[in-house]
Amino acid sequence: MLSLPSDTPLSLYLHIPFCTTCCSYCAFYSEPIQAWKEYTNAYIMRLLEEIEQCTGPDRMYDTIFVGGGNPGSLTPEQLASLLRGAQRHGKSREVTIEMNPETFGEHFFPLFSDGLVNRMSMGIQSMDDQLLKRLGRNASRADNLRAITLANSARERYGIELNFDLMVCLPGQTLQMAIDDIHEVLSLADAHHISLYCLTVEEGTELARAVGMQELAVLDEDGQAEMLKGIWNELTLLGFSHYEVSNFCKHEKYCEHNLRYWNISPFLGLGSSAASTLKEKESWYHYTQTQDLRQFSSSTLFSGYEREDLSLVQSVEEYLMMSLRTQWGIEKQLLEDRYGLVFDKTFSSLVGTLDSSWYFDTVQNFSLSEIGLLLLDEIVLRFVMQIPEPLDRPSPL
Ligand code: SF4
């Protein structure tokens with residue numbers, strides 16, 4: 001059994017490691033559903049057992065996110081059984097399910113009509129057939145058009161919130177093509193949330209091989225920054241607020257589940273290769289599920305979760321890394337209460353070395369501007385290097 005805190009509300013992530021095919025840029029663990037179909041029932045049964053052990057009248061989930069992989073590889077009945085299990089002691093505030101266009105259909109609508117899911121996140125990535133092919137996606141432009149339209153009718157009928165994932169800085173993609181994708185998606189569906197990911201070349205992927213062999217060329221850092229600036233600007237003109245480096249929403253319809261990751265609030269991840277961040281008293285720890293889905297389904301319950309306790313310095317590093325991604329940035333009082341660090345004392349000399357166009361510094365918060373977000377990795381590194389060691393845990397409030 002995992003060691004779960006009893007005093008903190010948790011969010012729940014359920015990992016569904018099945019996909020129709022493997023995208024060329026993807027480094028996540030998943031298995032092709034066609035070859036692994038016979039394992040889905042055993043996987044669901046085991047996941048349900050884990051959910052039941054971790055859920056109770058005093059352990060309900062604030063938010064739930066079913067991700068993958070592609071949860072649409074499973075049947076609506078399989079997904080419904082997981083979501084009923086997770087909500088059997090009470091409904092969660094936000095329940096998101098990821099769906100890929102090629103497998104999404106009206107047969108999933110009972111998840112919405114039964115109130116098991118109130119938010120859908122659809123991986124569109126591009127509206128251009130050639131780019132989709134380059135990404136190794138299993139959906140064509142026609143699949144995307146059909147799925148977006150259908151997602152919108154689910155919104156109209158059941159009031160669910162919609163997010164669409166799009167990718168930018170793709171080989172052969174111009175700024176105008178990326179902007180046209182956004183306009184087209186928004187013309188088809190009433191979406192209040194867009195996730196916009198810049199292509200990264202992960203080692204060991206088909207994309208890395210093609211780039212290494214010079215079959216494909218990716219943008220350099222300056223080219224990426226130029227394209228991102230243009231797209232971010234367009235989304236602002238369309239009324240979206242840029243609340244996290246890769247996420248935009250209207251009317252404060254944030255992804256509440258992901259906000260908990262970025263705020264470092266405890267969450268539980270169940271399923272093959274899922275990750276958790278949890279907190280006991282003032283100490284933080286991770287669990288990583290290390291088994292492939294066959295081992296996960298057949299070995300002793302909870303046997304594949306490895307625990308890593310975080311030092312105070314590691315906890316601060318995580319907080320800095322996550323908070324600087326968001327529009328709220330570092331909350332100075334939280335930094336002091338949780339980690340015993342006074343922002344203006346610890347980081348003032350560093351802030352003095354940053355260009356004033358990169359950040360906003362108020363009495364309560366320190367956050368990055370859009371120019372700063374383009375330099376996120378470098379700025380985070382400079383903050384992390386500034387953490388004093390050793391660091392003493394603050395006395396409980
Ligand atoms: S659908 Fe998602 S998880 Fe599956 S291979 Fe493609 S990017 Fe990876």
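**Comments concerning the pairing of strand β1 (residues 10–16)**
For β1, the buried fraction is high: 7 of the 7 residues fall into the buried class. Where burial is concerned, the two faces of β1 agree: the one with Leu10, Leu12, Leu14 and Ile16 and the one with Ser11, Tyr13 and His15 are both buried. Of the strand pairs in this sheet, β1 and strand β4 (residues 61–68) are connected by 6 bridges, and their pairing is parallel. Bridging from a neighbouring strand, Leu10 pairs with Tyr61 of β4. In terms of strand pairing, β1 meets strand β11 (residues 267–270) through 4 bridges, oriented parallel. Along β11, the bridge assignment pairs Ser11 with Phe267.

**Comments concerning the packing of aromatic side chains**
Evaluation of the coordinates by the stated rule reveals 23 aromatic pairs. Each ring, one from Phe104 and one from Phe109, has its centre 6.2 Å from the other, and the planes form 40°; the classification is tilted. Summarising the burial analysis for this pair, Phe104 and Phe109 share the class buried. Here Tyr243 and Trp262 contribute two aromatic rings whose centre-to-centre distance is 6.0 Å and whose plane-to-plane angle is 70°, an arrangement assigned as edge-to-face. Placement of the pair is Tyr243 in strand β9 (residues 241–244) and Trp262 in helix α10 (residues 256–262), with a sequence separation of 19 residues. The same class applies to Tyr243 and to Trp262, which are both buried.

**Notes on the layout of surface pockets**
Taken as a whole, the second largest pocket spans an internal volume of roughly 190 Å³. As for the second largest pocket, its lining consists of Arg93, Glu94, Asn118, Arg119, Glu161, Glu252, Lys253, Tyr254 and Glu256.

**Some words on the environment of Leu48**
Inspection of the secondary structure puts Leu48 in helix α2 (residues 40–54). Sequence separation of Leu48 and Ala86 is 38 residues, and the distance between their C-alpha atoms is 8.2 Å. With sequence-adjacent residues up to four places away left out, Leu48 is seen in contact with Ser81, Leu82 and Gly85.

**Focus: the packing of helix α7 (residues 175–188) against helix α9 (residues 221–237)**
For any two helices packed against each other, one specifies the inter-axial angle together with the distance between the axes. Between α7 and α9, the shortest axis-to-axis distance is 10 Å and the interhelical angle comes to 30°. With respect to α9, the element α7 is oriented roughly parallel. Along this stretch, α7 crosses α9, giving a crossing that reads as right-handed. On the side of α7, the interface is formed by Leu175, Ala178, Ile179, Ile182 and His183, while α9 contributes Met227, Gly230, Ile231, Glu234 and Leu235.

**Brief notes about unusual backbone geometry**
Here His251, not a glycine, exhibits a phi torsion of approximately 50°, which is positive. Along the chain, His251 turns up in the loop between β10 (247–249) and α10. At Ser273, a residue that is not glycine, the phi angle is positive and equals roughly 70°. The class for Ser273 is partly exposed, based on a relative accessible area of 32%.

**A short note on the pattern of salt bridges**
Across all of its chains, the model carries 19 salt bridges by this definition. Arg84 is the partner of Asp114 in a salt bridge, and the nearest nitrogen-oxygen pair spans 3.5 Å. Of this pair, Asp114 sits in the loop between α4 (109–113) and β6 (119–125) while Arg84 is found in helix α3 (residues 76–86), placing the two residues 30 residues apart along the sequence. Overall, Arg84 belongs to the partly exposed group, its relative accessible area being 45%. Asp361 is paired through a salt bridge with Lys332; the nearest N and O atoms lie 2.8 Å apart. In this pair, Asp361 sits in strand β16 (residues 359–361) while Lys332 sits in helix α13 (residues 332–339), placing the two residues 29 residues apart along the sequence.

**Some remarks on the domain arrangement of the protein chain**
Each assigned domain of the protein chain is listed here: domain 1 (10–261) and domain 2 (312–397). When each unit is reduced to the centre of its C-alpha atoms, the spacing between domain 1 and domain 2 is 30 Å. Domain 1 puts 13 residues into the contact, and the matching count from domain 2 is 9 residues. With both sides pooled, the region where domain 1 packs onto domain 2 buries about 960 Å², and carbon together with sulfur makes up 63% of that total. Across the domain 1-domain 2 interface, the total number found is 1 salt bridge. Taking the shortest distance from any N to any O, the salt bridge between Arg325 and Glu244 comes out at 2.6 Å. There are 4 residue pairs in polar contact (both at pLDDT 80 or more) connecting domain 1 and domain 2.

**As for empty space enclosed by the protein**
Here the idea is plain: a probe the size of a water molecule rolls over the atoms and shows the empty space left. A complete count under the given rule lists 1 cavity of 30 Å³ or more for this structure. In this model, the largest cavity occupies a volume close to 30 Å³. Together, Arg119, Glu161, Leu162, Asn163, His192, His193 and Lys253 line the largest cavity. No other element matches strand β7 (residues 161–168), which puts 3 residues into the lining of the largest cavity. Residue composition of the lining of the largest cavity, by class: 1 nonpolar, 3 polar and 3 charged.

**Details of the nonpolar core**
Residues Phe104, Met120, Phe164, Leu270, Phe366 and Phe383 are the most contacted members of the largest nonpolar core, which totals 103 residues. Top contributing element to this core by residue count: α2, with 6 residues. For this core, the two domains that each supply at least three residues are domain 1 (10–261) and domain 2 (312–397). Residues Tyr25, Leu135, Leu170 and Leu207 belong to the second largest nonpolar core, which totals 10 residues.

Rules used in this analysis
- Residues numbered from 1 in each chain as written.
- Predicted model: local features only at pLDDT ≥ 70, side-chain atom pairs only at ≥ 80, totals over all residues.
- Heavy atoms only, no water.
- Buried < 20%, exposed > 50% of the residue type's maximum accessible area, 1.4 Å probe, protein only.
- Helix = DSSP H or I, 4+ residues; strand = E, 2+ residues; numbered from the N terminus.
- Pairing = 2+ DSSP bridges.
- Phe/Tyr/Trp six-rings, centres within 6.5 Å; stacked < 30°, edge-to-face > 60°.
- 1 Å grid on protein atoms, 1.4 Å probe; cavity = no way out; pocket = protein on both sides within 12 Å on 5 of 7 lines; lining within 4 Å.
- Points joined across faces, edges and corners; volume = space filled by probe spheres on them.
- Contact = heavy atoms within 4.5 Å.
- Axes fitted to C-alpha atoms, helices over the stretch in contact; angles between N-to-C directions.
- Parallel < 35°, antiparallel > 145°, perpendicular 65-115°, else oblique.
- Left-handed = near helix turned anticlockwise from the far one by under 90°.
- Salt bridge = Lys/Arg side-chain N within 4 Å of Asp/Glu carboxyl O.
- Domains from an automatic or database assignment.
- Buried area = accessible area lost by both parts, 1.4 Å probe.
- Polar contact = N/O pair within 3.5 Å; in protein donor to acceptor, adjacent residues only side chain to side chain.
- Nonpolar A, V, L, I, M, F, W, Y, C, P; charged D, E, K, R; others polar.
- Core = buried A, V, L, I, M, F, W, Y, C linked by side-chain atoms within 4.5 Å.

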